[in-house]
Amino acid sequence: MDIIKKIISYFVSFVKLLWSIIAYIPTFLIRALTLMIIIIMTVSFFSKINHTIGEGAALLIPMDGVLVEQAQEISSFESFFGSNRRGEIELGNLAKTIKAASNDDKINTIVIDLSKFLGGYPADIFYIGEVLNDFKKNDDKKIIAISDQYSQGSYVIASFADQVILHPSGGVLLTGWSSRRLFIKDFLDKLDVKVLQFSKGQYKSATETFTRSSMSDQSKESNSKLFEVIWDLTTQSIEKNRNLENGFIEYYTQNLNTLRNQNNSMAELALNKGLVDNLMTRVETEQYLKNKFPNKKSDWGFIHYKDYQIDNSKKDKNIIGIISIAGTILDGNHPRGNAGGENISAIIKKARNEKQLKALVLRVNTPGGSAFASEIIREQVLAIKERDIPIVVSMGGVAASGGYWVSADSDFIFAHEATVTGSIGVAAILFDAQNTIKKVGLNEDGISSSPFAGSLNNGILLSSPPQEAIELIQGTVDRLYDDFIEIVANGRGLSLEEAELIAKGRVWSGRDALKLGLIDGIGSLDDAIIKAKSLAGVKNYSLKEYNQTKNNFSLIKDILTLFNLKEDFDSRNIFLDNLKSEFLSIFKWSGKLNDRNQIYYICEECTTNN
């Protein structure tokens, strides 16, 4: 009897202990969440503490990553615990910092480290070089470029420096620009997948990767013309900056192997040919900077450009708004780094309701994307115009297809000579996998109340679509192309015939786009702001950037993920969507495309840069 009582007593004690643990779990989670928020806020606070700058200090700019218009949003957990994602350098923030340093007497030198630079669109690279060049125009301002090795993109930036330092084991690799794509038609044929492509525009090549084994003659012609302009700008810029003879860079790229054999190393070749000024190891470079910028508290006297405080105290009742349309245009809401149709539309609407808004500058840096998302963004642009508010577009590295769709109705368009624009065409694609699934023992069957039921709602089909559905999609694409031509003609003051001649899905450089009337001037974001001020007829103004807000829900989602207390937030967990993703994920522009009608204003060649 006593044994039974002890067993019951032990069991009751165990149940109480177990219940105490279970009851404590919510408290533990709340405390853990609170602690995590406190840690993140503390780290964020101390990262914004003003750093003092000593006289003669250098501004250090490590170009670690790829140059982008708008960095993708990083989740709270990635920020705190680190991430394997490639680094991204925001073009606008970097340019603002350099411009601010131009007027700062304490900053005499910029040291730009290009060892980990991953490139960017040519126009964006040139723009940073031009901002650096403006910095040098101030009295006694100097730029030092350092790198273990210079790629073509990094060297274009380095060529603007007063002193270019290279590691003895490195070199300067100038090879010219190229556009190469992977073609998988033959692979899809082996899988017995039929590709149904619908496009309008003789040069529209967005679906070629799926429907051809090689690049079409039209695409080669268009790309050759585009890269001819960009390469011309590249060679002229480097030769001017480094005081080299005209034609030297072309000779260097065509005879690199022969020239290297005449020298002991690539580094010595670069030094002998005047591409760099000094060969230094990392230790020698560090000592050189230490001697040039002595500092008792650190290895050498510098302030990191992300710690450099910029004074934005200028305020005025007249507002010139700036809105960025950056990244692939996607349907729905999406974080920074992508242009979600709902996000951008809401931001433009917010600017439209600003009573003191006098002009709006759209900074467009996108290869396009969803046709529907592009249109709802354009609708908000038109609503701004109805208030008689001038709209000026500043095109970045690329503003093509959907990027041009949202720009065409503006009052004035600026672009860089190397901007990739145009690509005025429409594309849609479906995958017919009926024969493919039969090979693995799957069959789809059922009933439909019309020829269109079940044929239009997915990018990949398990039953061949009827001819009526194919004709409907092609008719929709044709109509959208006609709409595109009309928008361009009306927006740019061209006849329909003139607009058709420069459309056809063809890409153009900013230089050629100016001649054709697709843009109004060669210029930067600064030029667009000045033009907006002029069109608005105001003397004094303050700039207001309407940015996408950080998705704070991501923190909660990450924590719930950590404790396995949520359902999978990714809705693409059904067979069709996963199969579609496998096909599309091969291509950098298509992995995220999500237009509700599977119709896109997208420029395939625009996403290729070296």
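Residues numbered from 1 in each chain as written. Predicted model: local features only at pLDDT ≥ 70, side-chain atom pairs only at ≥ 80, totals over all residues. Heavy atoms only, no water.

A. Representation of the confidence of the model for the protein. Overall, the predicted model of the protein reaches an average pLDDT of 82, with 77% of residues at or above 70. Contacts from residues 45-50, a stretch scored under 50 in pLDDT, to residues over four places away or in other chains number four contacts. Contacts from residues 585-591, a stretch scored under 50 in pLDDT, to residues over four places away or in other chains number 18 contacts. (pLDDT = per-residue confidence, 0-100. Contact = heavy atoms within 4.5 Å.)

B. Molecular detail of the sheet that holds strand 4 (residues 107-113). Strand order in the open sheet formed by six strands is 9-7-6-4-1-10, with parallel pairing between adjacent strands. Every interior strand has two partners, whereas the edge strands, strand 9 (278-279) and strand 10 (302-304), have only one. Where strand 1 (residues 57-62) lies against strand 10, three bridges are found, and the strand directions are parallel. The residue of strand 10 that forms the bridge with leucine 60 is histidine 304. (Pairing = 2+ DSSP bridges. Helix = DSSP H or I, 4+ residues; strand = E, 2+ residues; numbered from the N terminus.)

C. Broad picture of helix 14 (residues 371-385). Here helix 14 spans 21 Å end to end across 15 residues, near enough to the 21 Å set by a 1.5 Å rise per residue. Here helix 14 has its buried residues at Ala371, Ala373, Ser374, Ile376, Ile377, Arg378, Gln380, Val381, Ala383 and Ile384. The N-cap of helix 14, judged by a side-chain oxygen 3.4 Å from the amide nitrogen of phenylalanine 372 a few residues on, is serine 370. (Expected span 1.5 Å × (residues − 1). Buried < 20%, exposed > 50% of the residue type's maximum accessible area, 1.4 Å probe, protein only. Polar contact = N/O pair within 3.5 Å; in protein donor to acceptor, adjacent residues only side chain to side chain.)

D. Structural view of the pattern of salt bridges. What the rule picks out here adds up to 18 salt bridges. Note that arginine 363 and glutamate 69 form a salt bridge whose closest N and O atoms lie 3.1 Å from each other. Here arginine 363 is found in strand 14 (residues 357-366), whereas its partner glutamate 69 is found in the loop between strand 2 (65-68) and helix 2 (76-81), with 294 residues between them in sequence. Taking the relative accessible area as the measure of exposure, arginine 363 reaches 5% and is therefore buried. The exposure class of glutamate 69 is buried, given its relative accessible area of 14%. For the salt bridge of aspartate 520 with arginine 492, the shortest nitrogen-to-oxygen distance reads 2.6 Å. (Salt bridge = Lys/Arg side-chain N within 4 Å of Asp/Glu carboxyl O.)

E. Looking closely at the packing of aromatic side chains. Here the structure, examined in full by the defined rule, presents seven aromatic pairs. The interplanar angle of 75 degrees and the centroid separation of 5.4 Å between the aromatic rings of phenylalanine 210 and phenylalanine 431 together place this pair among those described as edge-to-face. With a gap of 221 residues between them, phenylalanine 210 in helix 7 (residues 208-211) and phenylalanine 431 in strand 19 (residues 426-432) connect regions that are remote in the sequence. Note on tryptophan 405 and phenylalanine 484: the rings are 4.9 Å apart at their centroids and 75 degrees apart in plane angle, and the pair reads as edge-to-face. One end of the pair, tryptophan 405, is in helix 15 (residues 402-405); the other, phenylalanine 484, is in helix 17 (residues 467-492), and 79 residues separate them in sequence. Here the aromatic residues Phe293, Trp300 and Phe302 are joined through ring pairs into a cluster of three or more. It is lysine 531 that lies over the ring of phenylalanine 412; its NZ or CZ is 4.6 Å from the centre. (Phe/Tyr/Trp six-rings, centres within 6.5 Å; stacked < 30°, edge-to-face > 60°. Lys NZ or Arg CZ within 6 Å of the ring centre and 35° of its normal.)

F. How the structure looks around helix 3 (residues 91-102). The end-to-end C-alpha separation of helix 3 is 17 Å, in line with the 16 Å expected for twelve residues at 1.5 Å each. Of all the residues in helix 3, the buried ones are Leu91, Leu94, Ala95, Thr97, Ile98, Ala101 and Ser102. Down the axis of helix 3, the sector holding all buried residues measures 160 degrees, keeping them to one side. Tucked inside the fold, the buried residues of helix 3 contact strand 1, strand 2, strand 3 (88-90), strand 4, helix 4 (122-136) and strand 14. (Arc of directions from axis to C-beta.)

G. Region of the structure containing the nonpolar core. Grouped together as the largest cluster of nonpolar side chains are 65 residues, with contacts concentrated most on Met63, Ile112 and Tyr150. Counting residues per element, this core draws most heavily on helix 4, which supplies eight residues. Leaving out residues up to four positions away in the same chain, tyrosine 150 has contacts with Leu114, Ala145, Tyr155, Ala158, Val164, Ile165, Leu166, Gly171, Val172, Leu173 and Val276. Core analysis: the second largest hydrophobic core is formed by 56 residues, Leu357, Met395, Ile487 and Tyr601 among them. (Core = buried A, V, L, I, M, F, W, Y, C linked by side-chain atoms within 4.5 Å.)

H. Quick peek at the side chain of glutamine 163. Checked against the element boundaries, glutamine 163 lands in strand 7 (residues 163-166). There is a polar contact of 2.8 Å between the side chain of glutamine 163 and the side chain of asparagine 278.

I. The sheet that holds strand 3, seen in detail. What the three strands build is an open sheet, ordered 3-2-5; its pairing is parallel. Each having just a single partner strand, strand 3 and strand 5 (117-119) make up the two edges of the open sheet. Sheet twist, expressed as the average angle between the axes of neighbouring strands with direction ignored, equals 40 degrees. Where strand 2 and strand 5 come together, two bridges link them in parallel fashion. Paired with glycine 65 across the two strands is phenylalanine 117, which belongs to strand 5. (Axes fitted to C-alpha atoms, helices over the stretch in contact; angles between N-to-C directions.)

J. Summary view of the packing of helix 3 against helix 4. The interhelical angle for the contact between helix 3 and helix 4, taken along N-to-C directions, is 10 degrees, at an axis separation of 9 Å. Between helix 3 and helix 4, the crossing angle belongs to the class labelled roughly parallel. Two secondary-structure elements touch here, helix 3 through Leu91, Leu94, Ala95, Ile98, Lys99, Ala101 and Ser102 and helix 4 through Asp124, Tyr127, Ile128, Val131, Leu132 and Phe135. Partitioning the contact of helix 3 with helix 4 into residue classes produces ten nonpolar, one polar and two charged. (Parallel < 35°, antiparallel > 145°, perpendicular 65-115°, else oblique. Nonpolar A, V, L, I, M, F, W, Y, C, P; charged D, E, K, R; others polar.)

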